[in-house]
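Chain residues, written in single-letter form:
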Amino acid sequence: MVFRKLPGVSASGMGLRLSQKFVFLLFLSGLVTLCFGALFFLPDSVRLKRIFLSKSENPAVTVGSDNELSKKVPVDQEHQRAGVKGGEANVKLKVSRKPSVTHGARTVERSVGSRAQDEWSPARAHEPAARDERVTSAAHNGQRGSAFSYEMFKKCLLKPALGKDQGKPSDSETLQRREKVKEMMKFAWDNYKQYAWGKNELRPLTRNGHIGNMFGGLRGASIVDSLDTLYIMGLMEEYEEAKEWVQNNLDLNSNGEASLFEVNIRYVGGLLSAFYLTGAEIFKQKVLELGEKLLPAFNTPTGIPRGVINLGSGTSWSWGWASAGSSILAEFGTLHLEFVHLSELSGNPVFTEKVMNIRKLLNKIEKPHGLYPNFLSPVSGNWVQHHVSIGGLGDSFYEYLIKSYLMSDKTDEEAKKMYYSAMEAIETNLVQKSPGGLTYVAEWRGGILDHKMGHLACFSGGMIGIGADDGPAGQKQHYLDLAAEITHTCHESYSRSATKLGPEAFRFDGGAEATATRLSDRYYILRPEVIESYMYMWRLTHDPKYREWGWEAVEALEKHCRVDAGFSGIRDVYASTVSHDNMQQSFFLSETLKYLYLLFSDDDLLPLEDWVFNTEAHPLPVIRKRCLQEHGTRQDDGQTSLE
Ligand code: DMJ
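Only a predicted model underlies this, so the values are computations on that prediction, with no experimental measurement involved. Throughout this document, residue positions are counted from 1 along each chain, in the order its sequence is written. Only residues with pLDDT of at least 70 are given local features in this predicted model, and only at 80 or more are side-chain atom pairs given and counted; all residues enter the totals for whole chains, interfaces and linings. Side-chain calculation: all heavy atoms of the structure are included, whereas hydrogens and water are not.

This next bit is on the sheet that holds strand β7 (residues 375–376). Any two strands with at least two DSSP bridges between them are considered paired. Helix and strand definitions here come from DSSP, where helices need a minimum of 4 consecutive H or I residues and strands a minimum of 2 consecutive E residues; each element is numbered from the N-terminal end. Read from one edge of the open sheet, three strands run β6-β7-β8, paired in antiparallel fashion. One side of each edge strand has no neighbouring strand; the edge strands of this open sheet are β6 (327–328) and β8 (383–385). As defined by bridge partners, β7 adjoins β8 across two bridges and the pair is classed as antiparallel. When the bridges of β8 are listed, Leu376 appears paired with Trp383.

Structure representation (structure tokens):
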């Protein structure tokens, strides 16, 4: 084919004049800019976007917060994973494996009431480690403001943390029950130590360790989760072993892909509470180092963190199973307590700023019927699906609202307002009464109720109980009644099974009343939520039935979950011959056994006026700002000194 030259038009530049070329180039560059800009509005899961945009490179447009720690990290294209429910134990992440730290198997044969218990005294209860009351922030980069020390926190407690006599109950039956729980803890710990030391969890049937994929390359989840439980139970030899492991073996320079939520509630929470209970500086050092590593997860256009973070590179991404690259309410909504304490201890406000920014966004966006859906886009800041639940995916967000208020010495009015309006919406839309008269909290799918309650949702009895005092005028008894009714329903889910342990989820439709109707919902993985509510309801009402229900759970755990080398979850709570799942979850040591121990202790062991439990049952002290300031002078150079 021959191209004929047109008169007055040059062959070069496709025959365009200079002015035409300019307009064309202008148009072309506008088009390219437009296409590139449009990438930002695509859901995170779209491959094209992952190819062109590194998630952590998105400019952070936070709601009224500076994003000073923004880090530029390389694009990671294959970070959408599958198969997680509620950030829970069955997370399927690809982990970069490092050889794990091992420890010679050692067993310490001691029975209940043996030496460690006898030697333990209040004098030993608080370690001398943190005697330096002058806290400087020099070790922490980017710090502003000042830090509060362990001693100052201790001075601001209304009561001794461990009570008059470590919470020893006066009646012999309760004491015996408490000793039994302590023995269970020792048994669980000894077996973990013997067969899985340094790994994350014990596999009690195969007698080996489980590393899993929730904590990136971090190890020793059971150790960090157990520190405070061992300490409050007076298992001091075991506590010392745990502390030594943290000191010598807890390696935070891992490069694995971790759940921000799980690392926060177990490691950050565990280390914080160990520090506040004991004053041992090592816990503070480790937790501040770890806290810094979590910050890049917040480098998103909205400041809402993504669910998964590589602790080495700081790259973060959303769970592959979460629709349209969304973040999960119960994950980004369960950071507040720990992050506020990280700021108090380090003097670095950045941690508090990050979580306050999440709250600002949640306050700003519209909530369907006043409810908080479980999925939110960290890019657009909009809800992605209208699924609402007080169980998995939503649960601890609500818990952290009321606990933020309580932990702030009842000064955080915003958290209070958010909690009570959320409760009002939940009561209006989700709380139901079954034909058999059981109160339950249903789930909500775009306006349609799913008449199901998860085991996880059973924490809400305790939560509503501790929030009863501060609600709208005249509502106290109403909230206490609601808390008692939900706790009763959750107890029913236990008592209606053959094992007297509750299923993962139970239903109230098709004739079911607090029973699992699906095979896949019948398992019990040593979860604490029902027992957690017994503990709070006992403290609030002293109704003896809660201790009785707790004891029923102890007997059931002993009968069905105790195996030769530890405790194991079971696959079907309705089967009289149980099949074990071969996993001793770290939250069994951190939560289930701790709540049982507290249930059979006097109220002055970790009094609720002074301590707020994070969602993994790690106690954190109430922050009494005025008192703390009286005991220390804040200085602009980041130093705090005693007056
Ligand atoms: C724990 O890790 C925490 O309680 C969390 O809030 C929910 N899941 C487990 C226990 O079931």
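Turning next to the sheet that holds strand β3 (residues 257–259). Reading across the sheet, the three strands line up as β3-β4-β5 and stay open at both edges, with antiparallel pairing between neighbours. Strand pairing shows two members of the sheet lacking a second neighbour, β3 and β5 (316–317), which therefore form its edges. Here two bridges tie strand β4 (residues 308–310) to β5, and the two strands are oriented antiparallel to one another. Residue pairing for β5: Ile309 is matched across the bridge by Ser316. Here, residues are in contact when the closest pair of their heavy atoms is within 4.5 Å. Axes here refer to lines fitted to C-alpha atoms; in helices the fit is confined to the stretch in contact. Angles between the N-to-C directions go from 0 to 180 degrees. The strands touched by helix α9 (residues 260–278) within the sheet are β3 and β4, with β3 carrying the most contacts at an inclination of about 65°.

The rule is simple: put a 1 Å grid over the protein atoms alone, call a set of points where a 1.4 Å probe fits but cannot get out a cavity, call an open set with protein on both sides within 12 Å along at least five of seven lines a pocket, and count a residue as lining if it has an atom within 4 Å of a point. Grid points are joined across faces, edges and corners, and a volume is the space filled by probe spheres set on the points. Of the volumes computed, that of the second largest pocket is approximately 430 Å³. In terms of lining residues, the second largest pocket is bounded by 21 residues, among which Leu406, Lys410, Ile466, Leu608 and Glu609 are the most central. Every element with two or more residues in the lining of the second largest pocket is listed here: α14 (395–407), α16 (460–466), α17 (476–495), α18 (529–541) and β18 (611–613). If you tally residues by element for the lining of the second largest pocket, the top one is β18, at three residues. Side-chain classes follow a simple rule in which Ala, Val, Leu, Ile, Met, Phe, Trp, Tyr, Cys and Pro form the nonpolar group, Asp, Glu, Lys and Arg form the charged group, and the remainder, Gly included, forms the polar group. Split into classes, the residues belonging to the lining of the second largest pocket amount to twelve nonpolar, one polar and eight charged.

The disulfide criterion is simple: two cysteine sulfur atoms within 2.5 Å. Enumeration over the complete set of coordinates arrives at two disulfides. Cys156 shares a disulfide with Cys627; S-S distance 2.1 Å. Residues Cys156 and Cys627 are joined through a disulfide that is left-handed, its torsion about the S-S bond being -95°. One end of the pair, Cys156, is in the loop between α5 (150–155) and α6 (172–196); the other, Cys627, is in helix α21 (residues 625–631), and 471 residues separate them in sequence. Here the term buried applies to any residue with accessible area under 20% of the maximum for its type, exposed to any over 50%, and partly exposed to those in between, with areas from a 1.4 Å probe on protein chains only. A residue is classified by how much of its surface remains accessible, and Cys156, at 4% relative accessible area, is buried. Between the sulfur atoms of Cys458 and its disulfide partner Cys490 the distance amounts to 2.1 Å. The disulfide joining Cys458 to Cys490 has a torsion of about -90° about its S-S bond and is therefore left-handed. Here Cys458, found in the loop between β14 (452–454) and α16, pairs with Cys490, found in helix α17; they are 32 residues apart in sequence, far enough to count as distant. Each member of the pair Cys458 and Cys490 is classed as buried.

Okay, the packing of aromatic side chains next. When the centres of two rings from Phe, Tyr and Trp lie within 6.5 Å, Trp using its six-membered ring, the rings pair. Their planes under 30 degrees apart give stacked, over 60 give edge-to-face, and anything left gives tilted. Evaluated as defined, the whole model comprises 29 aromatic pairs. For the ring pair Trp189 and Trp197, a centre distance of 5.6 Å and an interplane angle of 90° mean the geometry is edge-to-face. There is no split in this pair, since Trp189 and Trp197 are both buried. Pairing Tyr239 with Phe283 gives two aromatic rings, centres 6.5 Å apart and planes at 55°, and the pair type is tilted. Here Tyr239, found in helix α8 (residues 236–249), pairs with Phe283, found in helix α10 (residues 281–294); they are 44 residues apart in sequence, far enough to count as distant. Like Phe283, Tyr239 is buried. Lysine and arginine charges are scored as sitting over a ring when NZ or CZ, respectively, is within 6 Å of the ring centre and within 35 degrees of the ring normal. Taking NZ or CZ as reference, Arg562 lies 3.8 Å from the ring centre of Phe187, over its face.

A few words now on α18. The end-to-end C-alpha distance of α18 is 18 Å, a good match for the 18 Å that 13 residues give at a rise of 1.5 Å each. Every buried residue belonging to α18 is among Glu529, Val530, Ile531, Glu532, Ser533, Tyr534, Met535, Tyr536, Met537, Trp538 and Arg539, and all of these are buried. Residues of α18 that are buried make contact with α14, α16, α17, α19 (544–561), α20 (586–599) and β18. Looking one or two residues beyond α18, the residue adopting positive phi is His542, at roughly 55°. To estimate how far a helix should extend, the number of its residues minus one is multiplied by 1.5 Å.

We now examine empty space enclosed by the protein. Where empty space is left can be seen by rolling a probe of water-molecule size over the atoms. Under the counting rule described, the total for this entry stands at five cavities of 30 Å³ or more. Taken as a whole, the second largest cavity encloses approximately 120 Å³ of empty space. In terms of lining, the second largest cavity is formed by 13 residues, of which the most central are Gly333, His336, Ile358, Phe397 and Leu401. If you list the elements that add at least two residues to the lining of the second largest cavity, you get α13 (350–364) and α14. Of the residues in the lining of the second largest cavity, the class split is nine nonpolar, three polar and one charged.

Shape descriptors only; they carry no functional weight alone.
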